[in-house]
Amino acid sequence: MEVRINKEKHVSEDKPYKIPLKQRALVFQGGGALGAYEAGAFKAIYNHIIEMKAKEAEENMFDVIAGTSIGAINATILVDYVIKKGTWKGSVKALEDFWNEMKNITWADNEEYHVGG
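Residues numbered from 1 in each chain as written. Predicted model: local features only at pLDDT ≥ 70, side-chain atom pairs only at ≥ 80, totals over all residues. Heavy atoms only, no water.

A word on the packing of helix α1 (residues 34-53) against helix α2 (residues 70-85). Where α1 contacts α2, the axes come no closer than 9 Å and their chain directions differ by 40°. It follows that α1 is oblique to α2 by the angle criterion. Of the two elements, α1 crosses α2, and the hand of that crossing is right-handed. Touching G35, E38 and F42 of α1 are I70, G71, N74 and L78, all from α2. For the contact of α1 with α2, a count of residues per class yields three nonpolar, three polar and one charged. (Axes fitted to C-alpha atoms, helices over the stretch in contact; angles between N-to-C directions. Helix = DSSP H or I, 4+ residues; strand = E, 2+ residues; numbered from the N terminus. Parallel < 35°, antiparallel > 145°, perpendicular 65-115°, else oblique. Left-handed = near helix turned anticlockwise from the far one by under 90°. Contact = heavy atoms within 4.5 Å. Nonpolar A, V, L, I, M, F, W, Y, C, P; charged D, E, K, R; others polar.)

What follows is the structure, encoded as structure tokens:
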């Protein structure tokens, strides 16, 4: 799936978008709990891009986002956020919120399942 929020790249009906000479891809791998780690890595990458690119960062954040297994879930959360909001601002929080919610619903965190304590 490809997300483009910069409407100025529109060229014609035959070629809806100019293909940039360089594209930035974000690819998440699978592996269960690795997904939470990837959320933190995404936060660091996002903040670095914002710091380095400032004004241009929003329109040039990522051209392609992909993932497998839990990485596909992370990718889906980000793509859904960007499509619905039309911006990357707040995407880090959306991903962190998902992982905080997942942490809160595991059996290990539920007092009902604790033995002897």
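From this point, the discussion proceeds with the structure in view.
With that out of the way, let us pick up the pattern of salt bridges. Using the criterion set out here, one finds three salt bridges in the structure. The salt bridge involving D80 is made with K84; its shortest N-O contact spans 3.3 Å. Of the two residues, D80 and K84 both sit in helix α2, four residues apart, roughly one turn of that helix. Using a relative accessible area of 36% as the deciding quantity, one classes D80 as partly exposed. In this structure, K93 engages D97 in a salt bridge whose closest nitrogen and oxygen atoms are separated by 2.9 Å. Pair noted here: K93 and D97 are both in helix α3 (residues 91-104), with a separation of four residues, about one helical turn. The class of K93 is exposed, set by a relative accessible area of 51%. Relative accessible area serves as the criterion here: at 38%, D97 is assigned to the partly exposed category. (Salt bridge = Lys/Arg side-chain N within 4 Å of Asp/Glu carboxyl O. Buried < 20%, exposed > 50% of the residue type's maximum accessible area, 1.4 Å probe, protein only.)

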